[in-house]
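Observations on the model geometry
Each chain, letter by letter, is given below.
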Amino acid sequence: MATISIFVGSVYGGAERLSDEVIDTIEQSEQSEHQAKLISSPTLDDIKSASHILVITSTTGQGDIPDNLAPLYAQLNSQFPMLTGKPYGIIAMGDRSYGDTFCGAGRSFDELFRDLQAKPVGHRLEIDACEDFEPWPVTEPWLKQWLTKIPE
């Protein structure tokens, strides 16, 4: 059984609503006995102590990280604590009409986690608000597959 620490970055509440559905699915899944732990005001110690990481983040401005996750990102980037082998997943929300900055927050975390030698589990999920007005139908199949791949 894994305890999945879920780090949520939200501007208008969409990522928070999605995280509620993700947590419900993790905790009610019959195929796994995983637990979920929501972390909405994360610290560097939360990342270091997490056994499994799932980042669910929207993107703000021109590919920016939401205010509640930005300090964590800055700390990770400046202190560079190695997360060698720590399994993680990224659910990135954005708007493709912003071009190169689409899902910039999720992409930034993905790059940084790789630099810190964390281990990606599967591929990063990118959700386009222009195509998918409700993110859950896109997230659910990805999440179910991701849960089967994470190490216990």
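The name given to the protein chain in an unreviewed UniProt entry is Flavodoxin, with the source organism recorded as Pseudoalteromonas haloplanktis. Taken directly from UniProt, the Cofactor (unreviewed entry) text for the protein chain runs: "FMN".

All right, on to the overall build of the protein chain then. Counting its secondary structure elements, the protein chain contains five helices and six strands. Ordered by position in the sequence, the α and β elements of the protein chain form the string β-α-β-α-β-α-β-α-β-β-α. Once the C-alpha set of the protein chain is aligned to its principal axes, its extents read approximately 40 × 35 × 25 Å. Looking at the protein chain as a whole, 48% of its 152 residues qualify as buried. As presented, the protein chain carries roughly 7,600 Å² of accessible surface, and 45% of it is formed by carbon and sulfur atoms.

Counted according to the given criterion, the structure contains six salt bridges. Notably, a salt bridge pairs E126 with R107, separated by 2.7 Å at the nearest N-O pair. Here E126 is found in strand 6 (residues 125–128), whereas its partner R107 is found in helix 4 (residues 104–115), with 19 residues between them in sequence. A relative accessible area of 27% places R107 in the partly exposed class. A salt bridge links R124 to D110, with the nearest nitrogen and oxygen atoms 2.7 Å apart. Of this pair, R124 sits in the loop between strand 5 (119–120) and strand 6 while D110 is found in helix 4, placing the two residues 14 residues apart along the sequence. A relative accessible area of 28% places R124 in the partly exposed class. Here the residues in one salt-bridge network are R107, D110, R114, R124 and E126, joined through shared partners.

Turning to the state of the cysteines, a few remarks are in order. Throughout the structure, instances matching the rule amount to zero disulfides. Unpaired in terms of disulfides, C103 finds its nearest cysteine sulfur in C130, a separation of 11 Å. When its relative accessible area of 42% is taken as the criterion, C130 is described as partly exposed.

What follows is about the side chain of T57. Take T57: it is sitting in strand 3 (residues 52–57). Since its relative accessible area comes to 0%, T57 is described here as buried. Those residues in contact with T57 that sit more than four places away from it in its chain are G9, A15, P66, L69, I91, A92, M93, A105 and G106.

What follows concerns the packing of aromatic side chains. Tallied over the full model, the rule gives four aromatic pairs. Aromatic side chains Y88 and F113 sit 5.0 Å apart centroid to centroid with 65° between the ring planes, which places their arrangement in the edge-to-face category. Here Y88 is found in strand 4 (residues 87–94), whereas its partner F113 is found in helix 4, with 25 residues between them in sequence. Of the two residues, Y88 and F113, both sit in the buried class. A centroid spacing of 5.7 Å and a plane angle of 55° characterise the contact between F109 and F113, whose relative ring orientation is tilted.

A few words now on unusual backbone geometry. The backbone of F80 sits at a positive phi, close to 50°, despite the residue not being glycine. Mapping F80 onto the fold places it in the loop between helix 3 (70–79) and strand 4. Positive phi, normally seen in glycine, also occurs at C103, with a value near 55°. If you trace the backbone, C103 turns up in the loop between strand 4 and helix 4.

About the cut-offs
- Residues numbered from 1 in each chain as written.
- Predicted model: local features only at pLDDT ≥ 70, side-chain atom pairs only at ≥ 80, totals over all residues.
- Heavy atoms only, no water.
- UniProt positions renumbered as here; feature names shortened; annotations may be inferred.
- Helix = DSSP H or I, 4+ residues; strand = E, 2+ residues; numbered from the N terminus.
- Buried < 20%, exposed > 50% of the residue type's maximum accessible area, 1.4 Å probe, protein only.
- Areas by Shrake-Rupley, 256 points an atom, 1.4 Å probe, with all protein chains shown as cover.
- Salt bridge = Lys/Arg side-chain N within 4 Å of Asp/Glu carboxyl O.
- Disulfide = S-S within 2.5 Å.
- Contact = heavy atoms within 4.5 Å.
- Phe/Tyr/Trp six-rings, centres within 6.5 Å; stacked < 30°, edge-to-face > 60°.

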